[in-house]
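Summary of structural features
What follows is each chain in one-letter form.
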Amino acid sequence: MSLTLLATTHRVAPGLLTWRAWDALRSADAVRLRDGHPLLPALLDAGVVPDLVEEPDPALLVADARRADVLWVAAPEGDEALMRGIGALVVDDPLDVEVLHGSYDLPGARLLDLVSVMDTLRRECPWDRKQTHTTLVPYLLEEAYEVLDTVEAGDYGALREELGDVLMQVAFHSVVAAERDDGTAFTIDDVAGAIVDKLVRRHPHVFGDVTVSGADEVNANWEQIKAAERAEKSGAEASALDGVPMGQPALSLAAQLQRRAGRMDAPPALAEGLAEEAGAELGGRLFALVREAGERGVDAESELRAVSRVFRDRVRAWERRERRDA
């Protein structure tokens, strides 16, 4: 006789079990699970009528399994205490015990947990409940910059956590958006669906019948597709500069505007006289330096951050010397 402990994941729809799991369910002398288990309707539909219990008793399960083939359907979150109890009972008096996994998480399954946790926090945490898109924006920017710091520092061990913080912000904004009733509501599924559609649309060489010779042609196709999207969205007023976020740091903003202008062969004269027109002499010089950086193939924002880090280290070293000499 034997005891089978059937483990499943709550991240897969109830009833989507392996063939081996269904075979074990149908061939067992007795199938038991908690009343209200999410698998119960699927089992009944399949003609498997289980015994329902409020809370399993390890001693009773082991005793019954010594007389018949018993299958216990574990709770989706696991039955660690029950399994430990069973393990202690069969150490000195062996029994054929098998843990059978009836379903497995697919890649990305833990994202479902994130959605569930964020829904719970939005309902039950006073701080999370009062947040809006506006109040959350500073956190999104902060988390994005922390990702940048870990990449530039080569601290890839910390990168996982920092990316998780960014992902949490995406989930948080989606929860807030789902509550609106003004016709602008969307869910995290809508967010994921939109980016999937965009990626497929912008990669016809992968998902369509377009042939490319290399990365340069991929970039050219990408720009053509984006231009078509802008034209469809804005019509005759569409600009190559549409979509450039003006709230980004000034050096990266200047670099992105210059790259966009360069792609459509805008005349260099457009960059002349900026300081006089804006009344910002230093701004004009900075803009010219950004252009020089682009011509050299370097990123002005990264260059300035690199110098800033060196300055930071020098100041810290000076502080240490001052404290030591004090």
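Below is a summary of the structure that appears in this document. Just so we're clear, the structure is a prediction, and the values are computed from it rather than from any experiment.

With that settled, consider the pairing of strand E2 (residues 30-34). In terms of burial, E2 is largely enclosed, as five of its five residues are buried. As paired elements, E2 and strand E4 (residues 70-73) share three bridges and run parallel to each other. When the sheet's bridge partners are listed, arginine 32 is paired in E4 with tryptophan 72. Where E2 and strand E3 (residues 51-53) come together, three bridges link them in parallel fashion.

To continue, consider the packing of helix H12 (residues 250-263) against helix H14 (residues 281-295). Two elements in contact, H12 and H14, have axes separated by 9 Å at closest approach and are oriented at 60°. By the angle between their directions, the pair H12 and H14 is classed as oblique. Both H12 and H14 take part in a crossing whose hand is right-handed. Contact with H12, carried on its side by Leu251, Ala254, Ala255 and Gln258, involves Phe287, Val290 and Arg291 of H14 and no other residues of that element. Residues belonging to the contact of H12 with H14 are distributed by class as follows: five nonpolar, one polar and one charged.

This part covers the sheet that holds E2. A sheet is described by the order of its strands in space; here five strands give the open sequence E3-E2-E4-E1-E5, paired in parallel fashion. Lying at the two open borders of the sheet, with one neighbouring strand each, are E3 and strand E5 (96-101). Between one strand and the next, the sheet's axes are offset by a mean angle of 25°, whatever the strand orientation. Two elements, strand E1 (residues 2-7) and E5, share six bridges in a ladder whose sense is parallel. Paired with serine 2 across the two strands is aspartate 96, which belongs to E5. Sheet strands touched by helix H1 (residues 19-27): E1, E2, E4 and E5. Its angle to E5, the strand with the most contacts, is close to 135°. Its contacts with the sheet put helix H4 (residues 80-90) on E1, E4 and E5, and the angle it makes with E1 is roughly 160°.

Within the secondary structure layout, glutamate 143 lies in helix H7 (residues 133-153). The side chain of glutamate 143 is buried and forms no salt bridge, while arginine 160, the nearest opposite charge, is found at 14 Å. Apart from residues lying up to four places away in sequence, glutamate 143 is in contact with Glu162, Asp165, Val166 and Gln169.

Mapped onto the secondary structure, lysine 226 falls in helix H11 (residues 215-234). Buried charge lysine 226 goes without a salt bridge, the closest partner of opposite sign being glutamate 223 at 4.3 Å. Once you skip the residues sitting within four places of it in the chain, lysine 226 turns out to touch Arg202 and Arg260.

The rules behind the values
Residues numbered from 1 in each chain as written. Predicted model: local features only at pLDDT ≥ 70, side-chain atom pairs only at ≥ 80, totals over all residues. Heavy atoms only, no water. Buried < 20%, exposed > 50% of the residue type's maximum accessible area, 1.4 Å probe, protein only. Helix = DSSP H or I, 4+ residues; strand = E, 2+ residues; numbered from the N terminus. Pairing = 2+ DSSP bridges. Axes fitted to C-alpha atoms, helices over the stretch in contact; angles between N-to-C directions. Parallel < 35°, antiparallel > 145°, perpendicular 65-115°, else oblique. Left-handed = near helix turned anticlockwise from the far one by under 90°. Contact = heavy atoms within 4.5 Å. Nonpolar A, V, L, I, M, F, W, Y, C, P; charged D, E, K, R; others polar. Lys, Arg positive; Asp, Glu negative; His and termini not counted. Salt bridge = Lys/Arg side-chain N within 4 Å of Asp/Glu carboxyl O.

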